Amino acid sequence: MNWDDPTDTDAERLVGSVADREDQAVEAALRPKDLGEFIGQEKVREQLDLVLRAARARGATADHVLLSGAPGLGKTTLSMIIAAEMGAPIRITSGPAIQHAGDLAAILSSLQEGEVLFLDEIHRMSRPAEEMLYMAMEDFRVDVIVGKGPGATAIPLELPPFTLVGATTRAGLLPPPLRDRFGFTAHMEFYEPAELQRVVHRSAHLLDVEIDPAGAAEIAGRSRGTPRIANRLLRRVRDYAQVKADGVVTRDIASAALAVYEVDARGLDRLNRAVLKALLKLFGGGPVGLSTLAVAVGEERETVEEVAEPFLVREGLLARTPRGRVATPAAWAHLGLTPPRTATAGNGQQDLFGT
């Protein structure tokens, strides 16, 4: 499942995991300030709390932290909480912004003692900068190269102790020497509906939106296990409730609002359903090649593969097989269609003999 380098299509979708400018502004206001306020990720919170409390007790900087997981699960929020819990300032940058070792050296040399450096999309950092980071993380020192060719000299530069918080959607792309230098590694899981319901209630309170438990549950159930999407859906439902009703978000209001925005009960949007309908109605449930499926829905191959399919696979509605894409029985049931006799069997493979 590829969460890296999202396409523009994903950024424009109501259920897309990429944060646009509006999301970033709202998230800044909704972010919890400490671990006690942070909802979900129970194991990660418990483990991280121990790491930070032990570091404070020793009067030392916290170990370097690596957070991995899909976009929108709270990696940036946790980095800010780490800084707040340690009473330290935070510096935020990203891997794509560091194209040369000199870029990283400039950032590192300006850090204060104990400061938290949050490096988002750390797997996309350039190789020279990555190699410089090894020494910085382990020895709090970097070698700055002055000059070129045979006359080049390395000038050692001592760094104050700092905590690096790296975030990645693709931990497998990190080289082992970099992964091994993190003292604490955590993987962020998708949220359960009950956890997302708490997120929706908290956000509604902060946004001054009146919502009942059933309305919050309806939004949570369509949020794909992602707090960022839950908050975005809440804002759109709030707009609908203000214009079409009395401003109170109930189950019926939430359901009607999300029907307008074409987000169904399982969180599928127009693109997801278009892929499923093409697969079921045009190709009898598959198997069908990716390029053929993309042409059928009028989208680019990359859009179908990287934007539409990951959630369908995670929901168990579509299977990627060596012979092509295949619909599962759950896909037929979700769209209310009756599978043909040769439709996919329970193992996701096509029954060629109609048995």
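Per chain, residues are indexed from 1 in the order of the written sequence. Owing to the predicted nature of the model, reporting of local features is limited to residues with pLDDT of at least 70; listing and counting of side-chain atom pairs is limited to 80 or more, with chain, interface and lining totals taken over all residues. Excluded from the side-chain calculation are hydrogens and water; included are all heavy atoms of the structure.

Asker: Please explain the overall build of the protein as it appears in this structure.
Answerer: Numbering of helices and strands runs from the N terminus; a helix is a DSSP stretch of H or I covering at least four residues, while a strand is a stretch of E covering at least two. For the protein, the count of helices and strands is 15 helices and nine strands. Note on classification: 1.4 Å probe, protein chains only; a residue is buried when its accessible area is under 20% of the maximum for its type, exposed when over 50%, partly exposed between these limits. Scored against the burial criterion, the 355 residues of the protein give a buried share of 48%. Considering only residue pairs separated by 6 or more positions, the protein has 69% of its internal contacts joining residues 24 or more positions apart. As presented, the protein carries roughly 16400 Å² of accessible surface, and 51% of it is formed by carbon and sulfur atoms. What makes two residues a contact is simply this: any of their non-hydrogen atoms within 4.5 Å. Note that accessible areas follow from Shrake-Rupley with a 1.4 Å probe, and for residues the cover is restricted to the protein chains shown.

Asker: Explain the packing of aromatic side chains to me, please; I cannot follow it from the model alone.
Answerer: In this description, a pair of aromatic rings is defined by centroid distance and the angle of the planes. Classification of ring pairs uses Phe, Tyr and Trp, with its six-membered ring standing for Trp, and accepts pairs whose centres are within 6.5 Å; under 30 degrees between planes counts as stacked, over 60 as edge-to-face, and the remaining range as tilted. Scanning the model with the defined rule gives one aromatic pair in all. The aromatic ring of Phe-311 is capped on one face by Arg-224, whose charged end is 3.9 Å from the ring centroid. Charge over a ring is defined by NZ of Lys or CZ of Arg lying within 6 Å of the ring centre and within 35 degrees of the ring normal. Taking the ring centre of Phe-190 as reference, the NZ or CZ of Arg-314 above it sits at 3.6 Å.

Asker: Would you take a moment to explain the sheet that holds strand 1 (residues 65–68) for this structure?
Answerer: Across a sheet, strands are paired by hydrogen bonds formed along the backbone, either parallel or antiparallel in direction. Strand pairing is defined by DSSP finding a minimum of two bridges between the two strands. The strand order 2-3-6-1-7 describes an open sheet built from five strands, whose pairing is parallel. Pairing within the sheet leaves two strands with one partner each, and these edge strands are strand 2 (90–94) and strand 7 (184–187). Neighbour-to-neighbour, the strand axes of this sheet turn through a mean angle of 15°, independent of strand direction. Across five bridges, the pairing between strand 2 and strand 3 (residues 116–120) is parallel. Counterpart to Thr-93 in the pairing with strand 3 is Leu-119. Set on the sheet, helix 3 (residues 42–58) makes contact with strand 1 and strand 7; between it and strand 7 the angle comes to about 165°. The convention used is that axes are lines fitted to C-alpha atoms, helices contributing only their stretch in contact, and that angles between N-to-C directions extend from 0 to 180 degrees.

Asker: What should I look at first to understand the nonpolar core in this one?
Answerer: Note on soluble globular proteins: their nonpolar side chains tend to be buried together. By convention a nonpolar core is built from buried Ala, Val, Leu, Ile, Met, Phe, Trp, Tyr and Cys residues, the set being connected through side-chain atoms within 4.5 Å. Core analysis: the biggest nonpolar cluster contains 49 residues, and Leu-48, Leu-78, Ile-211, Ile-219 and Val-249 have the highest contact counts within it. When residues of this core are assigned to their parent elements, the largest contribution, seven residues, is made by helix 10 (residues 227–244). Excluding residues that lie within four positions of it along the chain, Ile-211 makes contacts with Val-200, His-201, Ala-204, Ala-216, Ile-219, Leu-234 and Val-249. Counting residues in each nonpolar core, the second largest holds 24 residues, with Ala-105, Met-125, Met-132 and Phe-162 among its members.

Asker: Help me out: how do you make sense of unusual backbone geometry in this one?
Answerer: Leaving glycine aside, a negative phi is the common case for residues, and trans is the common case for peptide bonds. The backbone of Phe-140 sits at a positive phi, close to 50°, despite the residue not being glycine. Looking at the element boundaries, Phe-140 is found in the loop between helix 6 (127–139) and strand 4 (141–146). Positive phi, close to 60°, is recorded for Asp-208, a residue that is not glycine. With respect to the element layout, Asp-208 can be found in the loop between helix 8 (193–206) and helix 9 (213–221).

By themselves, these are just geometric observations and shouldn't be taken as functional.
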